[in-house]
Amino acid sequence: MRDMVQDALRGHRADYVEIHIEEAETTAIRFRGRELEEVGRSRSLGGNVRALVRGGWGFASFNDVRDLRRYVELAVHQARLVPREPLTLAPAPVIEDVVRASARKDVRGIPVDDKVALLKEYNDILWASAPLQTTATRYNDLFRRSIFANSEGTYTEQEVLDLSAVLIAVARKDSEVEQAFLSVGSQGDLTVLDGRQAEVEAVARRAVELLSAPRIKGGTYTVIVDPKLAGVFVHEAFGHLSEADHVYENPRLRELMVLGRRFGGPLLNILDGAAVPGHRGSYAYDSEGMPAQRTYLIREGVLVGRLHSRETAGRMGEPPTANARSINYRYPPIVRMTNTYIEPGNTTFEQMLSGVDDGVYVKDSFGGQTSMEMFTFSAAEAFRIRKGRIEEPLRGVNLSGNVFQTLANIEAIGNDLQWSEGGGCGKGEQAPLPVAMGSPHLLIRDVVIGGG
Amino acid sequence: MQDIAEQVLALASRSATWAEVYAASEEETPVTFKANRLHSVETREARGLALRIVVDGRIGFASSSQLEEPDLLVRDALATARFGPESALAYPTERVQDPGLDLYDGQVTALSIDAMVQMGQQMIDRVRTRGEDILCDADVRKVAASVLLLNSSGGQGSYRQTVVGLGLNANRVRGTDILDIWEEDASCHLGALDADAVVNAVLEKLDLAEELVPIRTASLPVIFTPKGAYMTLLAPLQAALNGKLVLQGASPLAGRLGDTVFDPAFSLFDDGRVPGHPTSAPMDGEGVPTRRTTLVEHGAVRAFYYDLQTAGLAGTESTGNGQRGLTSLPSPGTHALRIAPGTASYEAMLADVSEGLLVDQTMGAWAGNVLGGQFSGNVHLGFKIENGRLVGRVKDTMVAGNVFEALARLAGIGDQSYWVGGRAEIPYLYIPSLAVSAR
């Protein structure tokens, strides 16, 4: 395969060409209610060619990997149709490397029926723990081998392992339906599903408890955000805004996101990096063959960096960060997050709580979305705080805000960094991309909550 | 594909009681513009085979893009069938004919990249006349797809489809205020694509968004544009009418067939047979002919939508809603949801509101308790209504409620339905009171 790939990279008359070839195997298991709904295996083999000619990109993806030369020609031809000013990609080291994936309890070594049995056990625990209407338990794992080669001489083979699972409990009373969930993930290590019994029981009970929880009244609140929800917050509210592809061709957004701008207090530090090991967003090389890094985005409250592909770093004259990723061979690499997190501060959870006279404690999230400036995400669990004490549960809590105001309104940062690995990020057509999010507890003033 | 599909079917039938091969291939060509200029031209070819089998009453499933290895595909499916779910499938036996849905247009496949570039650039040039500070992203894409289904009980069908689509996003940044307005259109036919309508909608909203106005936290009347209703209200409805969620009792509409749950003026259909539409097909993903299904009629729940397995478990028939991708089993999915138009003109609805909100884009409304019918979204693009007039754009505002309560008493349904990105057909919806939260 190496000869074929490298041969196809010769004599193309483009400024830059890269080839990806990927082979992947996935397993999917679904329970719905008490019953197994689906067990399936999928295999795929495919590749793509991306070509750069005078600043314009062409891209072709395919399943038939035998005729690479034809696709190189096609991608180069397409790139020629895109008239741009010349682009100098940010420099990349020339690398030859083979990266093998491994995991303690490797998904590749476990028979499918053992995986089904493990999920059944958890699905059964949901049913045994509370009077539920139904459940949904979903599991996916992936093993992928990818070859990357470019016209600069880089040739890497990289293996990727991934696992994600979610357990959902649904409770119903008359026409009211509520749900609670647990989502976990790892780089293909099944031990992430070990010893979760107590958490799964709590999920089932929470779904039922939500049915009788009062709905929150819409308005502006002081909130304490747990590490899971704070992780979604930093990802949605700030991470996407840090992606340079949104910024580089938009002069006004460049002014708004100028390095050196103050976003928050001196305790606020936000980072992203695939070089942080052991998380779902960790890798050795990104989809452009760049070695993984760790990048400060906000340091002591000030914007100091952003996430780049080689194109955006080249166009903006900033250092590349190895954040070009694609979900699979069908799509070109674009600027994405990896493991995004807020560094811990020095406030204990108890100290944080004691400072809140009237507020809301929000935990975990069903998901979130951003439009650069504005963001919104739902809380999976919420409680009223009165006079420094956590009181009754609330439901229907959906938080929204303006990133510029909200980051400035972070009043305290906890000392308890925790990671969430269940996340799948979507951008454009490419979802879900494995990412990890981390944060300590945060205390934020003036957050808009839409009641309901 | 036909040869390989037949080969896999024959091979699988040796060991399985029943087998079904679904083969799909497509070629997609997106032309993408960023910041007012052409950014990339792409071609994406994809193909694959999915094999579903029943062995000893259990379902096995595997898929592959490696057409050269039918043995491996069959072996994978057999391996999963040993402990797969119990089958409740009624095996299709019909040879499905295309009833003349007109899903293929040679003009789409013949459309040159130059012409696509021109279409995109023309849209952008028109929007840019509204100001130097406007930046447009756009895409023009064409797709040619073919689907083939064969099963061992004699069921089969195939069709070809083209899709051509346009998307346009206008971005304007002023200080820390970021405005994004997007519109889209899609059709199987080049001639049916309306780029002017896409551009005009963006321009109209750009003009309306010039002024920023405050809004108070209160229960207020809210009018949803078709796009606003699609983004905010449709997902909970789609979930509640899904036969699988109904069977599990996870839908608030479970057990309510025949009950009047919605406003008597509200009717909703799922239609798999709208001629020339990207959501249409002669058959679903498991060889059942598609149809138009009345889900809600004059406020009463008339039907849920089903695939074969769910229908079997529920003791009913598939409604031709077995949707699938290549890599998973079919499950109930809608084709095109269509809300029947009412009698109110948009102007009359607007005139009726003394203080309220027009919602055109929301964000994150899907992220809450969709099963319970709850929605709570950031008003990504919305306009304040005062004394029957749109007075400006609102920001930092959320709109929240329950779909079943909101649609139980409507103050008006628009007298015309509009296709939203070719996916659903919806009129303006006027809800007398919703929780609006502002900063």
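Numbers given for residues are sequential positions, taken from 1 along each chain in its written order. By the order in which they are written, chains take letters starting at A while ligands take numbers starting at 1. With the structure being a predicted model, the display of local features is reserved for residues of pLDDT at least 70 and the display and counting of side-chain atom pairs for 80 or more, all residues being used for whole-chain, interface and lining totals. Only hydrogens and water are set aside; all other atoms, that is, all heavy atoms of the structure, feed into the side-chain values.

Draft legend 1. Spotlight on the overall build of chain A. Helix and strand definitions follow DSSP, with helices as H or I runs of at least four residues and strands as E runs of at least two, each counted in order from the N terminus. Along chain A, the regular secondary structure elements total ten helices and 26 strands. Only C-alpha atoms enter the radius of gyration; for comparison, a globular chain is expected to reach 2.2 Å times N to the power 0.38, where N is the number of residues. The globule rule puts the C-alpha radius of gyration for 452 residues at 22 Å, and the 23 Å found for chain A is close to it. Considered along the principal axes of its C-alpha atoms, chain A spans approximately 70 × 55 × 35 Å. The buried label goes to any residue with under 20% of its type's maximum accessible area, the exposed label to any with over 50%, and the partly exposed label to all in between, with areas taken from a 1.4 Å probe on protein chains only. Taken over 452 residues, chain A has a buried fraction of 65%. Pairs of residues are marked as contacts when any of their non-hydrogen atoms sit within 4.5 Å. Relative to all contacts within chain A whose residues are 6 or more apart in sequence, the contacts with residues 24 or more apart total 73%. The averaged location of the 60 negative side-chain charges in chain A is 2 Å from the averaged location of its 53 positive side-chain charges. This count recognises Lys and Arg as positive and Asp and Glu as negative, with His and chain-terminal groups excluded. Charge positions are represented by NZ for Lys, CZ for Arg, CG for Asp and CD for Glu.

Draft legend 2. Summary view of the packing of helix α1 (residues 2-13) of chain B against helix α2 (residues 70-81) of chain B. All names here are of chain B. Here α1 crosses α2 at 45 degrees, and the two axes come no closer than 10 Å. Comparing the axis directions of α1 and α2 gives the class oblique. Judged by the sense of rotation from one axis to the other, the crossing of α1 with α2 is right-handed. Contact residues: Gln7, Val8, Leu11 and Ala12 in α1; Pro70, Asp71, Leu73 and Val74 in α2. In this classification, the charged set is Asp, Glu, Lys and Arg, the nonpolar set is Ala, Val, Leu, Ile, Met, Phe, Trp, Tyr, Cys and Pro, and all remaining amino acids, among them Gly, are polar. A breakdown of the residues in the contact of α1 with α2 according to their chemical character gives six nonpolar, one polar and one charged. Between N-to-C directions, angles cover 0 to 180 degrees, with each direction set by a line fitted to C-alpha atoms, over the stretch in contact for helices. In these notes the angle categories are as follows: under 35 degrees is roughly parallel, over 145 is roughly antiparallel, 65 to 115 is roughly perpendicular, and the rest is oblique. The crossing is said to be left-handed when, going from far helix to near helix, the turn is anticlockwise and less than a right angle, and right-handed when the turn is clockwise.

Draft legend 3. Quick peek at the side chain of Ser400 of chain A. Following the sequence through the fold, Ser400 of chain A ends up in strand β20 (residues 398-402). A distance of 3.1 Å separates a polar side-chain atom of Ser400 of chain A from the backbone oxygen of Phe375 of chain A. At a separation of 2.5 Å, a polar atom in the side chain of Ser400 of chain A contacts the side chain of Asn378 of chain B. If near-sequence neighbours (up to four positions away) are discounted, Ser400 of chain A is found in contact with Phe375, Thr376, Val447 and Val448 of chain A together with Asn378 and Met398 of chain B. For the purposes of these results, a polar contact is taken to be a pair of N or O atoms within 3.5 Å, where, inside protein, one atom must be able to donate a hydrogen and its partner to accept one; residues adjacent in sequence count only when each atom of the pair is a side-chain atom.

Draft legend 4. Structural view of the packing of helix α4 (residues 113-128) of chain B against helix α5 (residues 195-208) of chain B. All names here are of chain B. With their axes 10 Å apart at the nearest point, α4 and α5 run at an angle of 25 degrees to one another. Accordingly, the angle class assigned to the pair α4 and α5 is roughly parallel. Both α4 and α5 take part in a crossing whose hand is right-handed. Residue-level inspection shows Met123, Arg126 and Val127 of α4 in contact with α5, the latter providing Ala195, Asp196, Val198, Val199, Asn200, Val202, Leu203 and Leu206. Class assignment of the residues belonging to the contact of α4 with α5 gives a composition of eight nonpolar, one polar and two charged.

Draft legend 5. Broad picture of the environment of Val99 of chain A. Residue position: Val99 of chain A is located in strand β4 (residues 96-99). Those residues in contact with Val99 of chain A, other than ones at most four positions away along the chain, are Glu157, Gln158, Glu159, Ala284 and Tyr285 of chain A.

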